[in-house]
Amino acid sequence: RVSVGRFLASAKVGICGDSVSAFAGGDGYFRAMISDGMGSGNEAAFTSGTVTMFLEHLLSSGVKMKNAISIVNSFLRERRIESSATVDIMELDLIRGGAQFVKSGAAPSFVLRQGRLFKLRSRTVPIGILPSADAEMISFAVKPGDIIVMMSDGVTQTNEDCPWLYDILCTDRLEHLTASAKRIADEAAKKSEDDISVMLIRVEEA
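These numbers come from a predicted model, not from an experiment.

## Thoughts on the side chain of serine 192
Residue position: serine 192 is located in the loop between helix 5 (177–189) and strand 10 (196–203). On the accessibility criterion, serine 192 (2% relative accessible area) is buried. In this structure the side chain of serine 192 is engaged in a polar contact, spanning 3.0 Å, whose partner is the backbone nitrogen of aspartate 194.

And the structure:
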């Protein structure tokens with residue numbers, strides 16, 4: 001089973017362009033998702049919200065991950081205006097315990113395990129830009145007690161090292177997931193003008 005803590009969609013000014021979702025399907029998987037609409041304001045929020053809604057519906061209906069992302073990529077490409085969004089999905093197999101991370105233009109994710117920090121990242125572009133979706137799938141064998149950290153790029157800003165974030169993840173016990181997610185978001189807001197979303201997921205024994 002999993003526990004989820006999140007501090008979602010924080011925007012300093014105006015409407016936030018991030019959308020976040022966490023859900024368990026009837027197929028034995030738990031999925032957590034963050035999408036960041038490119039641009040700002042209503043259009044970015046609409047794009048990320050549409051991406052999240054479509055992907056949640058498709059995956060819950062049994063559509064395979066690669067096909068689901070391809071469908072949403074085609075939808076964005078067919079819109080009359082330039083439209084793109086990052087996709088960051090963590091898919092946890094609740095029976096076998098493995099996790100798959102799917103990233104399209106998304107910020108790095110982290111897995112914290114007994115004081116050790118694993119960084120998962122890709123160098124891909126958001127969906128809606130290329131004719132075929134640019135998505136990288138990363139497999140990771142999670143264990144009970146692991147904490148998975150997902151965030152939009154308003155937290156990390158770049159793919160480079162982020163010492164203040166590492167300090168929080170490695171020194172904060174992260175017992176209260178929502179409070180820890182808020183602490184990360186609050187600290188990121190001191191350094192960033194971008195939209196900020198943070199989600200922490202603890203993997204537990206069933």
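Still to come is the rest of the account.
## A word on the sheet that holds strand 2 (residues 18–24)
Sheet strands pair by backbone hydrogen bonding; their relative direction is either parallel or antiparallel. Sheet architecture is open: five strands sit in the order 2-3-4-5-8, paired in antiparallel fashion. Strands at the two margins of the open sheet, each flanked by one partner only, are strand 2 and strand 8 (136–141). Strand-to-strand twist in this sheet, taken as the mean axis angle between neighbours without regard to direction, amounts to 10°. Bridge count between strand 2 and strand 3 (residues 29–36): seven bridges; the pairing is antiparallel. Directly across from alanine 22, in strand 3, lies its bridge partner alanine 32.

## Some words on a nonpolar patch on the surface
Residues Val125, Ile129 and Leu130 make up a contiguous nonpolar surface patch of about 210 Å² in total accessible area. Residue placement: isoleucine 129 occurs in the loop between strand 7 (116–120) and strand 8.

## A word on helix 2 (residues 65–78)
With 14 residues, helix 2 should cover 20 Å at 1.5 Å per step; its first-to-last C-alpha distance of 20 Å lies within 8% of that length. All of the buried residues along helix 2 are Met65, Ala68, Ile69, Val72, Asn73 and Leu76. For helix 2, the arc enclosing every buried residue in end-on projection is 135°, short of the 170-degree limit, so these residues lie on one face. Turned more than 90 degrees away from the buried face of helix 2, the exposed residues are Lys66 and Glu78. On its buried face, helix 2 sits against helix 1 (41–60), strand 4 (87–93), strand 5 (98–104) and strand 8.

## Describing the nonpolar core
Among the nonpolar cores identified, the biggest contains 21 residues, and Met151, Val155, Trp164, Leu165, Ile184, Val198 and Leu200 are the most heavily contacted of them. No other element matches helix 5, which puts five residues into this core. Core analysis: the next-biggest nonpolar cluster, separate from the first, contains 18 residues, Phe30, Met90, Ala99 and Val142 among them.

## Some remarks on the side chain of serine 48
Inspection of the secondary structure assignment puts serine 48 in helix 1. Polar side-chain contacts of serine 48 include one of 2.8 Å to the backbone oxygen of glycine 17. Leaving out residues up to four positions away in the same chain, serine 48 has contacts with Gly17, Asp18, Ser19, Ser35, Asp36 and Gly37.

## Details of the packing of aromatic side chains
Inspection of the entire model under this criterion finds three aromatic pairs. Their ring planes at 65° and their centres at 5.1 Å tell us that phenylalanine 54 and phenylalanine 75 sit as a pair that is edge-to-face. Linking phenylalanine 54 in helix 1 with phenylalanine 75 in helix 2, this pair joins segments that are 21 residues apart in sequence. Residue classification places phenylalanine 54 among the partly exposed positions, given a relative accessible area of 29%. Seen from their ring centres, phenylalanine 118 and phenylalanine 140 are 5.4 Å apart, and the 65° between their planes marks the pair as edge-to-face. Residue phenylalanine 118 is located in strand 7, and its partner phenylalanine 140 is located in strand 8; the two are separated by 22 residues in the primary sequence. Its relative accessible area of 21% is what places phenylalanine 118 among the partly exposed residues. Above the face of the tryptophan 164 ring, lysine 191 is positioned so that its terminal group lies 5.0 Å from the ring centre.

The rules behind the values
- Position numbers for residues start from 1 in each chain and track the written sequence from start to end.
- Only residues with pLDDT of at least 70 get local features here, since the model is predicted, and only at 80 or more are side-chain atom pairs given and counted; chain-wide, interface and lining totals rely on the full set of residues.
- In computing side-chain values, all of the structure's heavy atoms are included and hydrogens and water are not.
- Here a strand is any run of E in DSSP of at least two residues, a helix any run of H or I of at least four, and the numbering for each starts at the N terminus.
- Working definition: with a 1.4 Å probe on protein chains only, accessible area under 20% of the residue-type maximum means buried, over 50% means exposed, and in between means partly exposed.
- Counting of polar contacts relies on pairs of N or O atoms within 3.5 Å, with two restrictions inside protein: one atom must be capable of donating a hydrogen and the other of accepting it, and residues adjacent in sequence are counted only when both atoms are side-chain atoms.
- At least two bridges found by DSSP between two strands are what make those strands a pair.
- In this analysis, axes come from line fits to C-alpha atoms, helices being fitted only over the stretch in contact, and the angle between any two N-to-C directions falls in the range 0 to 180 degrees.
- Within this analysis, patches are made of residues with over 30% relative accessible area and no salt bridge. Like charges are joined at 9 Å or less; nonpolar side chains (Val, Leu, Ile, Met, Phe, Trp, Tyr) at 5 Å or less.
- With residues, only the protein chains shown are counted as cover, and all accessible areas are computed by Shrake-Rupley using a 1.4 Å probe.
- Every case where a carboxyl oxygen of Asp or Glu lies within 4 Å of a side-chain nitrogen of Lys or Arg is listed as a salt bridge.
- Take the residue count of a helix, subtract one, and multiply by 1.5 Å to get its expected span.
- Here the arc refers to the directions that run from the helix axis out to each C-beta atom.
- Contacts are assigned to residue pairs with any non-hydrogen atoms lying within 4.5 Å of each other.
- By nonpolar core is meant a set of buried Ala, Val, Leu, Ile, Met, Phe, Trp, Tyr and Cys residues that side-chain atoms within 4.5 Å join together.
- Working definition: a ring pair exists when centres of Phe, Tyr or Trp rings (six-membered ring for Trp) sit within 6.5 Å. Plane angles under 30 degrees give stacked, over 60 give edge-to-face, the rest tilted.
- A ring is considered to have a charge above it if a Lys NZ or an Arg CZ atom is located within 6 Å of its centre and within 35 degrees of its normal.

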